[in-house]
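# Close look at the chain arrangement
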Amino acid sequence: MRPWEANIRRVAPYVPGEQPKGEKLIKLNTNENPYPPAPGVREAMERMDCDWFRKYPDPAATVLIKALSKAYEADEERIFVGVGSDDVIAVAFMTFFNSHKPILFPDVSYSFYKVWADLFKIPYETPALDMEFRIKKEDYYRENGGIIFPNPNAPTGLLMPLSEAEDIIAHNQESVVIVDEAYIDFGGESAIRLTEKYENLLVVQTFSKSRSMAGMRIGCAFGHPELIRRLNDVKYSYNSYTMNIPSLVLGAKALEDERYFMDTLKKIRCTRETAKGWLKELGFTFPDSMANFIFASHRERRAEEIYMALREQNIFVRYFKQPRIDNYLRITIGTDEEMEKLYRFLKEYL
Ligand SMILES: *Cc1c(COP(=O)(O)O)cnc(C)c1O
């Protein structure tokens, strides 16, 4: 070993879903939205001037914070933004999870949590979901250095009723609790209002899924002004200009069209419920998803085998070769047309 190698930080990185290139492929593997961003986003993009890019962006992200404040009826001082919710959550781990006690998150959950915990050298424990993949709230009623869970959970799609999420928060007022609401718009009630009741609660959301802007990298968090101040202190100690000008301008624009947002969500929910029907008919079982994906297992055929067969057809879904979930496929809800093609192939194949 070369001497300098002893001091290298060694980490096992998060593996994102692949981004295959091509015309005719059906991409149902990374929970992107199949519909374009709100029409106002395109118009705003066409009005952007290249000369804007000469200067640094506003480090306080004021236009975006103001737009979020209006859309979510939350004071500006209660909002933090970042480069996707991945950035927001990473900064939150650095800011809030500095105890010697372990942080807690579910064993089957967003696999990035473990990567950040390792990167920042945070001890952690992962209470197991029950046999039906539900989070057992009692597992979180013990000493900890912080808690994070997605609601709805990923990759299961299961929604925990807000009252149960509140139970976890209420039992843990000595540490920071983060609720990752990447998929909440597809069928759940947000915990944002609870941040007014619990000073230790941070609710994280993203523009990547429900707002069709994964490529823009926009995430946000809502919480008590003291939490937000601390997040900003860490952000400004690390990289002041995280968000670029197009993200700030176009993100703010996306929030203006509530009608388009609601229509898109409705279409995806409708396609999802239809897909549940035919998946069942084809012999799949799955938790009752409230997200924009379905986490399905087939009664007879191995998930990995189906995954490979779909790939051959240029249909991409996500397969995780991990304990407990290695016989499941996570299928993103696409357009009706895409789902119809998936159905037709599966029907033939099975
Ligand atoms: C997609 C996702 C994120 C990250 O999304 P960004 O694109 O970084 O905003 C965070 N948490 C969960 C559970 C997700 O599924």
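Conventions and cut-offs
- Residues numbered from 1 in each chain as written.
- Predicted model: local features only at pLDDT ≥ 70, side-chain atom pairs only at ≥ 80, totals over all residues.
- Heavy atoms only, no water.
- UniProt positions renumbered as here; feature names shortened; annotations may be inferred.
- Helix = DSSP H or I, 4+ residues; strand = E, 2+ residues; numbered from the N terminus.
- Near = heavy atom within 4 Å.
- Polar contact = N/O pair within 3.5 Å; in protein donor to acceptor, adjacent residues only side chain to side chain.
- Nonpolar A, V, L, I, M, F, W, Y, C, P; charged D, E, K, R; others polar.
- Salt bridge = Lys/Arg side-chain N within 4 Å of Asp/Glu carboxyl O.
- Buried < 20%, exposed > 50% of the residue type's maximum accessible area, 1.4 Å probe, protein only.
- Pairing = 2+ DSSP bridges.
- Contact = heavy atoms within 4.5 Å.
- Axes fitted to C-alpha atoms, helices over the stretch in contact; angles between N-to-C directions.
- Arc of directions from axis to C-beta.

### Remarks on the UniProt feature "domain: Aminotransferase class I/classII large" (unreviewed entry) in the protein
UniProt tags residues 24–344 as "domain: Aminotransferase class I/classII large" (unreviewed entry). Overall, residues 24–344 shows 36% helix and 15% strand. The separation of its end C-alpha atoms is 16 Å.

### Things to note about the site of the ligand
The environment of the ligand is formed by Gly-84, Ser-85, Asp-86, Tyr-110, Ala-154, Asp-180, Ala-182, Tyr-183, Thr-206, Ser-208, Lys-209 and Arg-217. Contact distances for the ligand include 2.9 Å between an oxygen atom and a backbone N or O atom of Asp-86. A distance of 2.8 Å separates an oxygen atom of the ligand from a polar atom in the side chain of Arg-217. With three residues, helix H3 (residues 84–96) is the single largest residue contributor to the shell around the ligand. Of the residues in the shell around the ligand, the class split is four nonpolar, four polar and four charged.

### Structural notes on the pattern of salt bridges
Using the criterion set out here, one finds 26 salt bridges in the structure. Among the ionic pairs, Lys-101 bridges to Glu-143, the shortest N-O distance being 2.8 Å. On the criterion of sequence distance, the pair formed by Lys-101 in the loop between H3 and strand S3 (103–104) and Glu-143 in the loop between strand S4 (124–125) and strand S5 (147–150) is long-range, its members being 42 residues apart. Close ionic contact of Glu-305 with Arg-301 constitutes a salt bridge, the shortest N to O distance being 2.8 Å. Classification of Arg-301 as partly exposed rests on a relative accessible area of 26%. In this structure, a network of salt bridges that share partners links the residues Arg-272, Glu-273, Lys-276 and Asp-288.

### Some words on unusual backbone geometry
Note that the residue after Asn-151, namely Pro-152, is joined by a cis bond; omega there is -5°. Mapped onto the secondary structure, Pro-152 falls in the loop between S5 and helix H5 (162–170). A cis amide bond links Ala-154 to the next residue, Pro-155, at an omega of 5°. With respect to the element layout, Pro-155 can be found in the loop between S5 and H5. A positive phi angle is found at Glu-73, which is not glycine, with a value near 45°. Examined against the element boundaries, Glu-73 turns out to sit in the loop between helix H2 (62–72) and strand S2 (79–82).

### Topic: the environment of Ala-12
In this fold, Ala-12 is placed in the segment before strand S1 (26–28). On the accessibility criterion, Ala-12 (62% relative accessible area) is exposed. Distance from Ala-12 to Trp-116, taken between C-alpha atoms, is 9.9 Å for residues 104 residues apart in sequence.

### A look at the sheet that holds S1
Taking strand neighbours across the sheet as the criterion, the five strands line up as S1-S11-S12-S10-S9 in an open arrangement whose pairing is mixed. In this open sheet, the two edge strands, each paired with only one partner strand, are S1 and strand S9 (284–285). Judged from the two bridges that link them, strand S11 (residues 315–319) and strand S12 (residues 329–332) form a sheet pairing that is antiparallel. Note on S12: the bridge partner recorded for Arg-318 is Arg-330. Where helix H8 (residues 258–281) meets the sheet, it contacts S9, strand S10 (293–298) and S12, and its direction lies at approximately 0° from that of S10.

### Some words on helix H9 (residues 303–312)
Listing the buried residues of H9 in full gives Ala-303, Ile-306, Tyr-307, Ala-309 and Leu-310. Down the axis of H9, the buried side of the element spans an arc of 165°, and every buried residue falls inside it. Check the buried side of H9 and you find it contacts S9, S10, S11, S12 and helix H10 (336–349). The positive-phi residue at the C-terminal boundary of H9 is Asn-314, with phi of around 65°.

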